[in-house]
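Here are the chains, one letter per residue:
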Amino acid sequence: MQRAARAFWLRSPGHGEIREVALPDPADGEVLVRTLFSGVSRGTETLVFRGGVPESQYGVMRAPFQEGDFPGPVKYGYLNVGLVEEGPRELVGRTVFSLYPHQTRFVVPASAVTPVPDSVPAARAVLAGTVETAVNAAWDAAPMLGDRIAVVGAGMIGASVAAVLARFPAVRVQLVDANPARADIARALGVDFALPEEAAGDCDLVVHASATEDGLARSLELLAPEGTVLELSWYGDRRISLPLGEAFHSRRLVVRSSQVGTVSPARGSRRTFADRLALALDLLADPAFDALITAECAFDELPDVLPGLASGDLPGLCLRVRYDR
């Protein structure tokens, strides 16, 4: 009997649809997963939805289980939590996280799923990929005791980074955003908040995640001499100006990139992708991370909801997608 599933596809930039797909029987070493929840990464996925991935980055931006090609038709996504229905005995019945797109059921190698700890609700586990990015950023940043840190941009990634860094001992962490409503999210995460013009300066480290030119400029202004901006923003096909005049050289400032596609070189030979994801899932035992999930829709509603998310008409951070049996 042929198994059926339904998947969300980007038909063309700005236009999504639900498609019927046929599933194979799982082979040895594979699992059949029924999706419980998936998450929409507001930054990357809405950029893909708008068709904003530069052609030079098509290969770099491919998701692990992507089908089709940019700018479309393409099946894209990487925040999926589901229940293993068939597969190795030790996984059947387990809730697992995987980097699979938005689809009701799917078959993948057992090695591609990570069991969700009992301490983490399935509905919160959709944040695992986002918190994994934050873990990698923290490894790249390598903060020291007593560091003064700002995180500029209180989106999904920035808020997650601030929450992770605030757990380091004896550091000052402030989350900075132009939207005063993000103060509530910072408060829920246990992090200090400031508007850009009120942010505390003299920072040893600024993590930039606003994906705006103004945010990057303000990040440089907040640095102490010889401080570092760790750039997490993904600008897609947009060009931005970087203010490297005035005191940039005399203050010996540094701008570094961080990218989740590789394990931080600071941990490279000792940590794996699996280690990083397992750590992210452990951190999600903290219910404070629920503050990052600000909207929810049913799977069938996704084609109608994503345009509003991409245009900014639907505010908030993570959109959680709910699946019915």
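Up top is the structure these notes are about.
Residues numbered from 1 in each chain as written. Predicted model: local features only at pLDDT ≥ 70, side-chain atom pairs only at ≥ 80, totals over all residues. Heavy atoms only, no water.

Draft legend 1. Layout of the overall build of the chain. Helix and strand counts for the chain come out as eight helices and 17 strands. Its C-alpha radius of gyration of 20 Å places the chain within 12% of the 20 Å reference for a compact globule of 325 residues. Each of the three principal axes of the chain carries a C-alpha extent, and together these read 70 × 40 × 35 Å. Within the chain, the fraction of its 325 residues that count as buried is 50%. In the chain, 65% of the contacts between residues at least 6 apart in sequence involve partners at least 24 apart. (Helix = DSSP H or I, 4+ residues; strand = E, 2+ residues; numbered from the N terminus. Rg over C-alpha atoms; globule rule 2.2 N^0.38 Å. Buried < 20%, exposed > 50% of the residue type's maximum accessible area, 1.4 Å probe, protein only. Contact = heavy atoms within 4.5 Å.)

Draft legend 2. Seen up close, the state of the cysteines. Under the criterion given, the structure shown has zero disulfides. Residue Cys318 stays outside any disulfide, its sulfur separated by 10 Å from that of Cys297, the closest cysteine. (Disulfide = S-S within 2.5 Å.)

Draft legend 3. A look at the pattern of salt bridges. Summed over the entire model, instances satisfying the criterion amount to 21 salt bridges. Between Arg3 and Asp25 there is a salt bridge, and its shortest N-O distance comes to 2.7 Å. Within this pair, whereas Arg3 is found in strand E1 (residues 3–12), its partner Asp25 is found in the loop between strand E2 (15–23) and strand E3 (30–40), the two being separated by 22 residues in sequence. By relative accessible area, Arg3 is classed as partly exposed at 24%. A salt bridge links Arg322 to Glu296, with the nearest nitrogen and oxygen atoms 2.9 Å apart. Here Arg322, found in strand E17 (residues 318–322), pairs with Glu296, found in strand E16 (residues 293–298); they are 26 residues apart in sequence, far enough to count as distant. The exposure class assigned to Glu296 is partly exposed, which follows from its relative accessible area of 37%. Among the ionic contacts, a cluster of salt bridges with common partners joins Arg3, Asp25 and Glu86. (Salt bridge = Lys/Arg side-chain N within 4 Å of Asp/Glu carboxyl O.)

Draft legend 4. Representation of the side chain of Ser41 in the model. For Ser41, the location among the structural elements is in the loop between E3 and helix H1 (42–50). Looking at Ser41, its side chain comes within polar contact range of the side chain of Tyr78, at 3.0 Å. (Polar contact = N/O pair within 3.5 Å; in protein donor to acceptor, adjacent residues only side chain to side chain.)

Draft legend 5. Expanded view of the side chain of Glu45. Among the structural elements, Glu45 can be located in helix H1. Judged by its relative accessible area of 6%, Glu45 falls in the buried class. A distance of 2.9 Å separates the side chain of Glu45 from the side chain of His102, its partner in a polar contact. If we ignore the near neighbours within four places in the chain, the residues touching Glu45 are Gly39, Val40, Tyr76, Gly77, Tyr78 and His102.

Draft legend 6. Main features of the sheet that holds strand E14 (residues 223–231). Read across the sheet, six strands follow the order E12-E11-E10-E13-E14-E15 without closing on themselves; strand pairing throughout is parallel. Each of the sheet's edge strands pairs with one partner strand only, and the pair in question is strand E12 (192–194) and strand E15 (254–257). The average undirected angle you get between the axes of adjacent strands in this sheet is 25°. (Pairing = 2+ DSSP bridges. Axes fitted to C-alpha atoms, helices over the stretch in contact; angles between N-to-C directions.)

Draft legend 7. Empty space enclosed by the protein, seen in detail. Scanning all chains against the criterion turns up one cavity of 30 Å³ or more. Counted as a void, the largest cavity has a volume near 100 Å³. Forming the boundary of the largest cavity are Phe8, Leu10, Val40, Glu45, Val48, Phe49, Val74, Tyr76, His102 and Leu306. For the lining of the largest cavity, the secondary-structure elements that each account for two or more residues are E1 and H1. Among the elements that take part in the lining of the largest cavity, H1 stands out by supplying three residues, more than any other. (1 Å grid on protein atoms, 1.4 Å probe; cavity = no way out; pocket = protein on both sides within 12 Å on 5 of 7 lines; lining within 4 Å. Points joined across faces, edges and corners; volume = space filled by probe spheres on them.)

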